[in-house]
Amino acid sequence: MARPRIAVWKFASCDGCQLSLLDCEDELLAVADAVDIALFPEASSRMEPGPYDISFVEGSITSAHDRDRIADVRAQSRLLITIGACATAGGIQALRNLRDVEEWKRIVYARPEWIDSLATSTPIAAHVKVDYELRGCPVNKQQLLELIAALLAGRRPNVATHSVCEECKARGSACVLVAHGTPCLGPVTQAGCGAICPAYNRGCYGCFGPKETPNAPALSEHLLAAGMSPATLTRLYRTFNAAAPAFADEAARHDGTP
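Residues numbered from 1 in each chain as written. Predicted model: local features only at pLDDT ≥ 70, side-chain atom pairs only at ≥ 80, totals over all residues. Heavy atoms only, no water.

**Here we look at the sheet that holds strand E3 (residues 52–58)**
Then step 1. Strand order across the open sheet formed by five strands is E2-E1-E3-E4-E5, with parallel pairing between neighbours. Across the chains shown, the open sheet's two edge strands, defined by having one partner strand only, are strand E2 (36–39) and strand E5 (132–134). On average, each strand axis in the sheet is inclined to that of its neighbour by 25°, with strand direction left out of account.
Then step 2. Across five bridges, strand E1 (residues 5–10) lies against E3 in parallel orientation. Note that in E3 the partner of Trp9 across the bridge is Val57.
Then step 3. Running at roughly 130° to strand E4 (residues 77–83), helix H3 (residues 64–76) makes contact with E1, E3 and E4 of the sheet. (Pairing = 2+ DSSP bridges. Helix = DSSP H or I, 4+ residues; strand = E, 2+ residues; numbered from the N terminus. Axes fitted to C-alpha atoms, helices over the stretch in contact; angles between N-to-C directions. Contact = heavy atoms within 4.5 Å.)

See the structure below:
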């Protein structure tokens, strides 16, 4: 049986999710034996043409060129998997969606007329059909390996959809929100990071995006009652997954942005 042909693509992003795949190190050798990595510019100069059995896509759509290219990637791919906050929610660059991008270009660039950019940064799923999403900024390499193993075995991936709070309990970490009053998005954020920040007495920043059924309004009311200002609360939701609907809606509810 022929090995599945794999492609890894980059759009607007920092490359961190691709590096998570490379960080698999020893495990990556086993993966490489099970698949044919036909295109992965971050790791190899080999550039084999499609079609591909599985395409992993990092990054958001921020230009007309991106928009055209992702349609081409979709046409060449039997399965398309988005990896990371940029690909699944528009990334931190989606903060520009809240303002006039032409104004930003005038402020940042000496020659703004040279910049070809869409008004928004949007997830891959806003443009083409996506078969599976893997969250995180960056993705967790163990979840990435589990997804690849599941795809090779033809089974459903075992990727958590519960909150970061359950990961805190699993590693025996005290709740920073209850014990110290530290603002934390753990109750509304999908697990996957291993609750790294709370383990070091820092609140969760929501880098894995909203959990499956988040109750962000309830968390917001608790944080406001504890003394957080609406402006600070809005900024808490507007980071890695600012455009994820559950976070975007809750941020807008407290600053009036439509």
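**Things to note about the nonpolar core**
Then step 1. Judged by nonpolar contacts, the single largest core of 21 residues is most densely connected at Leu21, Phe56, Ile83, Leu134 and Leu144.
Then step 2. Contributions of two or more residues to this core are made by E1, helix H1 (16–22), helix H2 (26–34), E3, E4 and helix H6 (141–153).
Then step 3. The biggest single contributor to this core is H6, with four residues.
Then step 4. In contact with Leu134, other than residues within four places in its own chain, are Thr82, Ile83, Gly84, Thr88, Val139, Gln143, Leu144, Leu147 and Val159.
Then step 5. Leu233, Leu236, Tyr237 and Ala251 belong to the second-largest nonpolar core, a separate cluster that totals 20 residues. (Core = buried A, V, L, I, M, F, W, Y, C linked by side-chain atoms within 4.5 Å. Buried < 20%, exposed > 50% of the residue type's maximum accessible area, 1.4 Å probe, protein only.)

**Some words on the packing of H2 against H6**
Then step 1. Their axes nearest at 12 Å, the elements H2 and H6 cross at an angle of 20°. When the axes of H2 and H6 are compared, the pair comes out roughly parallel. Seen from above, H2 lies across H6 with left-handed handedness. In contact with Glu27, Val31 and Ala34 of H2, H6 contributes Gln142, Leu145, Ile148 and Leu152. (Parallel < 35°, antiparallel > 145°, perpendicular 65-115°, else oblique. Left-handed = near helix turned anticlockwise from the far one by under 90°.)

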